[in-house]
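Given next are the chains, with one letter for each unit.
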Amino acid sequence: DKGMVIVGAGEAGVRAAFALRERGYQGTVTLIGDEPHLPYERPPLSKGGEEAETVRAIVANERFAEAGITFLRGHRAISVDPARHALLLEAGETLSYERLLLATGAAPRPFPGIGTSDRIHVLRTVEDASAIRRHMRGDGRLAILGGGFIGLELAAMGRKLGTAVTLFEAQARVLMRGVPEKLALALQARHAAEGVELLCGVGIETIADGESGVTIGFADGRQIKVDALVVGIGAQPNTRLAAEAGLAIDNGIAVDRHLATSDRHIFAAGDCCSFPVTAYGGRRVRLESWRNAQEQGSVAAANMLGEAASFDAVPWFWSDQYDLTLQVAGLSDGATSTIGRTLSPEAEILFHLDADGRLLAASGLGPGGAVARDIRLAEMLIARGTRPDRAALADPSVKLK
Ligand code: FAD
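Quick caveat, the model's predicted, so the values are computed rather than measured.

Rules of the game
Residues numbered from 1 in each chain as written. Predicted model: local features only at pLDDT ≥ 70, side-chain atom pairs only at ≥ 80, totals over all residues. Pairing = 2+ DSSP bridges. Helix = DSSP H or I, 4+ residues; strand = E, 2+ residues; numbered from the N terminus. Axes fitted to C-alpha atoms, helices over the stretch in contact; angles between N-to-C directions. Expected span 1.5 Å × (residues − 1). Buried ≥ 20, exposed ≤ 12 C-beta atoms within 10 Å, placed from the backbone. Contact = placed C-beta atoms within 7 Å. Right-handed = clockwise from strand over helix to strand, strands pointing away. Domains from an automatic or database assignment. Near = placed C-beta within 6 Å. Nonpolar A, V, L, I, M, F, W, Y, C, P; charged D, E, K, R; others polar. pLDDT = per-residue confidence, 0-100. Left-handed = near helix turned anticlockwise from the far one by under 90°.

(A) How the structure looks around the sheet that holds strand 26 (residues 359-367). An order of 22-23-26-25-24 is seen for the five strands of this open sheet, with the pairing classed as antiparallel. The sheet terminates laterally at strand 22 (316-321) and strand 24 (337-344), the two strands that pair on one side only. The average angle at which neighbouring strand axes cross in this sheet is 10°, direction not considered. Bridge count for strand 25 (residues 347-353) against strand 26 is six bridges, and the pairing is antiparallel. Counterpart to I349 in the pairing with strand 26 is G364.

(B) Up close: helix 7 (residues 290-304). Here helix 7 spans 21 Å end to end across 15 residues, near enough to the 21 Å set by a 1.5 Å rise per residue. Burial of helix 7 is extensive: 12 of the 15 residues sit out of reach of the surface. What helix 7 keeps buried is the set N292, A293, Q294, E295, Q296, G297, S298, V299, A300, A301, N303 and M304. Close packing links the buried residues of helix 7 with strand 1 (4-7), helix 1 (11-22), strand 7 (99-102) and strand 19 (266-268). Just downstream of helix 7 lies G306, where phi reads positive at about 95°.

(C) Inspection of the pairing of strand 1 at higher detail. Across the two faces of strand 1 the burial is the same, with M4 and I6 and V5 and V7 all buried. Pairing analysis gives four bridges linking strand 1 to strand 2 (residues 29-33), with the strands arranged parallel. Note on strand 2: the bridge partner recorded for V7 is I32. For the handedness criterion, the β-α-β arrangement of strand 1, helix 1 and strand 2 is classed as right-handed.

(D) Fine view of the domain arrangement of the protein chain. As far as domains go, the protein chain holds domain 1 (4-107 + 235-304), domain 2 (110-231) and domain 3 (323-394). Centre-to-centre separation of domain 1 and domain 3, based on C-alpha positions: 31 Å.

(E) Summary view of the site of the ligand. G8, G10, G105, G270 and A293 are the nearest of the 37 residues found near the ligand. Secondary-structure elements contributing two or more residues to the shell around the ligand are helix 1, strand 2, helix 7 and strand 22. Classifying every residue of the shell around the ligand gives 17 nonpolar, 11 polar and nine charged.

(F) Quick peek at the environment of G221. In this fold, G221 is placed in the loop between strand 14 (213-218) and strand 15 (223-226). G221 sits in the exposed class, given 7 other C-beta atoms within 10 Å. In this structure the C-alpha to C-alpha distance between G221 and T261, which are 40 residues apart in sequence, comes to 47 Å.

(G) Looking closely at the sheet that holds strand 15. The strand order across the open sheet formed by three strands is 13-14-15, and the pairing between neighbours is antiparallel. The open sheet has two edge strands, strand 13 (204-210) and strand 15, and neither has a second partner. Shown here is a sheet whose adjacent strand axes are inclined to one another by a mean of 20°, direction ignored. Taken together, the four bridges between strand 14 and strand 15 define a ladder with antiparallel strand orientation. When the bridges of strand 15 are listed, I216 appears paired with I224.

(H) Molecular detail of the confidence of the model for the protein chain. Across the protein chain, the average pLDDT comes to 95, with 98% of residues at or above 70. Taken element by element, the predicted model of the protein chain shows its lowest mean pLDDT in helix 3 (residues 126-135) (93) and its highest in strand 19 (99). Scoring of the predicted complex yields 0.97 for pTM and 0.99 for ipTM.

(I) Focus on the environment of L365. Note that L365 resides in strand 26. Take L365: there are 26 C-beta atoms within 10 Å of it, and that puts it in the buried class. Expressed as a C-alpha distance, the spacing of L365 and N238, which sit 127 residues apart in the sequence, is 31 Å.

(J) Quick peek at the pairing of strand 4 (residues 77-81). As paired strands, strand 4 and strand 5 (residues 86-89) are joined by four bridges and run antiparallel to one another. Along strand 5, the bridge assignment pairs S79 with L88. Here strand 4 hands over to strand 5 after four residues, with H85 in that stretch at a positive phi of 55°.

(K) Up close: the packing of helix 1 against helix 7. At a minimum axis distance of 7 Å, the contact between helix 1 and helix 7 shows a crossing angle of 35°. Every pair of crossing elements has a handedness; the one defined by helix 1 and helix 7 is right-handed. Where helix 1 abuts helix 7, its residues E11, A12, G13, R15, A16, A19 and L20 lie against W290, A293, Q294, Q296, G297, S298, A300, A301 and M304. For the contact of helix 1 with helix 7, a count of residues per class yields nine nonpolar, five polar and two charged.

Here's what the structure looks like:
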């Protein structure tokens, strides 16, 4: 029995393992994860205050035994031999597979030439998160490099815990990718009101780590010294295994709409892969999103069992900062007009339409769950390729249904 083998015990890999059983698969299922922990949720690592101290497991340990899933914790896969259907583990063991799923995730992009230390961090793992939180307790200053989701969420968390925070963004504003200017500026204003020192349009040239702190040098020659630095400048897909096995790579492990790689016995899901998005004419994207990883895990499992399920979900992402939640559904590139829907003084949705009036994307920002329902409905409209009535979109008293 060669069975099903999954590399990567994150959101995508775990979902796939259980989905194989839910679909009635009776053979062996082996899940391999190189972290020393039970699979855990990453979103809480950059959110919340003290509650983020506790690791939130994706599933309870006993569920693996109940489902008959062999979970090899703390094991790293080091090579794939597609011709022999074999996977080699670092510990020396070789596993044969009927079908293989690569769910290897992504890794933080480092600042060129700068590694991590007691004072310089990236954020991906539970270890990274606890190292960063140690700097949020004292009265020092924490610098964050990068105004993306992780940088902004960490800034909010730092303020909640009472630390001085300076955030540097090279671009003219935060969240340049995928979030409309109006909502990004509203978030910036909130960060400023919470006491974050937010500096946009600043190029950092040098970072020097020293016993007493980190010295950051700017393009104009100025320098500042902070107690600790988090580098949050994006992530890179973990593609090494796939690339060395000769699989096609294109901004991630390239899969088709069935999540099959260029080898039909090997699938990929989650942050590590790029896939064609059905709702956008097959445009290839790679997403770093929790729901995407889960849904792709399920679809990959179905196809490992011989189905031909298409992955055609509308991209969706959320971020929590202070009491605000940002949600983005769809892809707004190619939009030619934007319509605003004001739900309250603090809550707004922006709808992005193409030249034919087709809804491409919706972005919402507001306290708690204020924007959730409209974004969910927008997702359905996007999936159906709807051309909604503009006046109805703009009028919060008109239900999107
Ligand atoms: P991962 O969760 O990265 O899992 C991959 C696993 O594979 C890792 O454990 C890795 O160590 C392991 N692995 C890699 N190579 C090997 C190998 N060769 N052998 C064995 N194991 C291997 N998304 C949202 O939608 N909303 C949010 O608010 C949000 N917040 C986030 C906050 C943080 C701090 C982070 C880091 C991410 C956040 N995300 C958020 C993104 C979301 O968590 C990811 O999209 C999701 O975790 C991706 O799941 P995955 O299974 O593809 O990859």
